Protein chains: 2
Amino acid sequence: MEEIRDTVSQGRGGTRRVRISDLAEALGLTKSTVSRALNNYADIAPETRRRVAEMAAQMGYAPMPYAQAVRTGRVRALGLVLELDAPDRYGPFLADFLGGITQEATLEGWTLTVASSNSREEMEATVTRLLQEHKVDGFILPRTMVEDPRVDFLRAKHVPFVLFGRVGHGKPDPGLSWYDVDGAEAMRAAVARLAALGHKRIGFVGPSAAYNFAVLRREGYQAGLAEAGISFDPALEIMEVSDRAGGAQAARDLLDLPQPPTAIVYATDATALGAYDVARERGLRIGRELSVISYDGIPEGRMIDPPLTSFAVDSRHAGERLAALLIAQLRGADPAGLQELVVARLEPGGSDGPPPSVS
Amino acid sequence: MEEIRDTVSQGRGGTRRVRISDLAEALGLTKSTVSRALNNYADIAPETRRRVAEMAAQMGYAPMPYAQAVRTGRVRALGLVLELDAPDRYGPFLADFLGGITQEATLEGWTLTVASSNSREEMEATVTRLLQEHKVDGFILPRTMVEDPRVDFLRAKHVPFVLFGRVGHGKPDPGLSWYDVDGAEAMRAAVARLAALGHKRIGFVGPSAAYNFAVLRREGYQAGLAEAGISFDPALEIMEVSDRAGGAQAARDLLDLPQPPTAIVYATDATALGAYDVARERGLRIGRELSVISYDGIPEGRMIDPPLTSFAVDSRHAGERLAALLIAQLRGADPAGLQELVVARLEPGGSDGPPPSVS
């Protein structure tokens, strides 16, 4: 660790360290303005920030991180607590998601602190510790619940955060900052696509309705039915399905109905793969005797035969935008103005086609 | 951020903050001993550490992280720089790996700072920045190369680090700390298993020999051949294969040889899945006309038909041990004593069987 000590002592020894007061004097600004400009606060005009940054570079100013943290109350670190009890452990997208967060954070001069928890209690203990130890300034909260205990917990502590997903059935408190992909619209479009192919009996398989995305995707499915003039049949809707085996069982249950569906919309690709297992069991061809459309765009869905028609999410972009929204909030922007809703991109495969003609 | 300020000011205001000097006086120890005990330095006897920890709890001592960092030169943070140009983006194991690191770090009172890079230049810039900003005390380096530029870079800066994998063809400088899974032994065992089934022509498909694990697994393959009394045929060994499409092309090339193999050992599951694609193309049954064994234990390998016989790696355990080894080093242990080699666990599937009888 000699290098670190050298870095600190260089500033203190021989050539005197350039201080914020030196920059302030050279620029004819107050120390507070210079400090806020260096930290990119929203209340400092861009032109002033540019002037300060140029003078800092010219005079060789380098911040002392600890001192800066004490002064600003910021350590320039975003926090992410992974929930290890999440059913799919974030699937194959975690590298893209972390890549997005960290690349955006780096561009802005911030870093990412990652922790994990096995339960809500552990999550709260971990968050509390990260704050007490000044390891994190604010949090990115992945995978939101309809009623998300993390929201009340962090609000009570006055800790900034941004949600990946909404809360409250898609109508969150307008004071919350969030980024979400419009899963309801994707499910509506999936039903519209199937209805246009001629399907009249369309099932839906979704995860626990405690997850906000599950509720929204179910609403989208029902909206799609209404739009297509198909009346909603509760027997065709199965919730609480979170993995491939559950997706297979849901397909069996739906196909065993007196009036089975000819198509199933799955809320997640991981569960939709179960329909392929059941099709193999029963000698049905996916895309012919049974159509399937789902959501996520996992690599496995593109490699299975026939490829899964799915609405794909850009996890890298999600990570980038969540980092950007949280950093904006930490620099003083009002969270009430920091919401983004993007659309999922349809990736057509071979898993959906016209219904088998009644013979 | 009010809560953070409150936390700090509580210590300074009303009830006076308990200091290290208070603990030292109560225990009859020097401040330095108390400080080193609180930071779990290896040169303090376990009994002393226990006494200090108990007194700290009893008197309500809580460290001031910034002050502590200035004093110890430590921020109690491990660093991990994900390489976004890695061919498989760490596959589906990243959540388990991060879960292992963060759970172990939390147990010891440390945290994890994650960054990412798209190139070697960006990696070095990111590492330098994390050190200068005192965001990280040491690094976990995933996916080692035979000649890994990160090793020289960090050594020159006197920054502690632990390798996930070895360097130098498996014979790293004994002063380096590392954790590795014995891929050579797994590949040797794969060949032994196939030879015992009766295979005489066994191919090998591996990634770039710039990766240390690729070299070791190839050596294990060749050692397995020698052990089984099968002479090595360079035509049966294909390197530089990193994805499923490449694995498929390698299978085609091997099967098109005048004397094709009846079995192929793949260094990674992701590439082995390509053999299934070629088997479908050519009407071969995997496990009958073509046997396949590989390494990693990815979930997809267990779901494909027939399931892939593979040597599985415990990514959670890898993360835990890497964190433990790095923390031990940061607390003063000699890296020369911090090496761990574990074995991969065979998960038999249906992808390997006796060779087709010559008719």
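Scroll up for the structure.
Treat the numbers as computed from the prediction; the structure is a model and nothing was measured.

Attention shifts here to the packing of helix H3 (residues 31-38) of chain A against helix H4 (residues 46-59) of chain A. All names here are of chain A. Put simply, H3 and H4 touch, their axes get as near as 9 Å, and they point 90° apart. It follows that H3 is roughly perpendicular to H4 by the angle criterion. Each of Thr33, Val34, Ala37 and Leu38 in H3 lies in contact with H4, whose residues at this interface are Thr48, Arg49, Val52 and Ala56. In terms of residue class, the contact of H3 with H4 is made up of 5 nonpolar, 2 polar and 1 charged.

This part takes up helix H3 (residues 31-38) of chain B. Every buried residue of H3(B) is listed here: B:Val34, B:Ser35 and B:Ala37. The arc enclosing the buried residues of H3(B), seen along the axis, measures out at 165°, which places them on a common side.

Turning to the sheet that holds strand S2 (residues 111-117) of chain A, a few remarks are in order. With respect to topology, 12 strands assemble into an open sheet ordered S11(A)-S5(A)-S4(A)-S3(A)-S1(A)-S2(A)-S2(B)-S1(B)-S3(B)-S4(B)-S5(B)-S11(B), the strand pairing being mixed. The open sheet has two edge strands with one neighbour each: strand S11 (339-342) of chain A together with strand S11 (339-342) of chain B. Put simply, the sheet's adjacent strands are angled 20° from each other on average, direction ignored.

Attention shifts here to helix H14 (residues 315-330) of chain B. Residues and elements named next belong to chain B. Taking 1.5 Å per residue as the helical rise, H14 with its 16 residues ought to reach 22 Å, and the 23 Å between its terminal C-alpha atoms agrees with that figure. What H14 keeps buried is the set Ser315, Ala318, Gly319, Leu322, Ala323, Ala324, Leu325, Leu326, Ile327, Gln329 and Leu330. Where H14 is buried, its residues meet strand S1 (77-83), helix H6 (94-107), strand S3 (138-141), strand S4 (161-164), strand S5 (178-181) and S11. With a side-chain oxygen lying 3.3 Å from the backbone nitrogen of Arg316, the N-terminal cap of H14 falls on Asp314. Just past H14, the residue Gly332 takes up positive phi, approximately 115°.

Before going further, it helps to examine the pattern of salt bridges. Applying the stated criterion across every chain yields a total of 48 salt bridges over all chains. Across the salt bridge formed by B:Glu347 and B:Arg345, the nearest N and O atoms sit 2.6 Å from each other. Of the residues examined, B:Glu347 reaches a relative accessible area of 18% and is grouped as buried. Ionic contacts of the salt-bridge type, sharing partners, join the residues A:Arg244, A:Asp277, A:Arg280 and A:Glu300 into one network.

Analysis parameters
Residues numbered from 1 in each chain as written. Chains lettered and ligands numbered in written order. Predicted model: local features only at pLDDT ≥ 70, side-chain atom pairs only at ≥ 80, totals over all residues. Heavy atoms only, no water. Axes fitted to C-alpha atoms, helices over the stretch in contact; angles between N-to-C directions. Helix = DSSP H or I, 4+ residues; strand = E, 2+ residues; numbered from the N terminus. Parallel < 35°, antiparallel > 145°, perpendicular 65-115°, else oblique. Contact = heavy atoms within 4.5 Å. Nonpolar A, V, L, I, M, F, W, Y, C, P; charged D, E, K, R; others polar. Buried < 20%, exposed > 50% of the residue type's maximum accessible area, 1.4 Å probe, protein only. Arc of directions from axis to C-beta. Pairing = 2+ DSSP bridges. Expected span 1.5 Å × (residues − 1). Polar contact = N/O pair within 3.5 Å; in protein donor to acceptor, adjacent residues only side chain to side chain. Salt bridge = Lys/Arg side-chain N within 4 Å of Asp/Glu carboxyl O.

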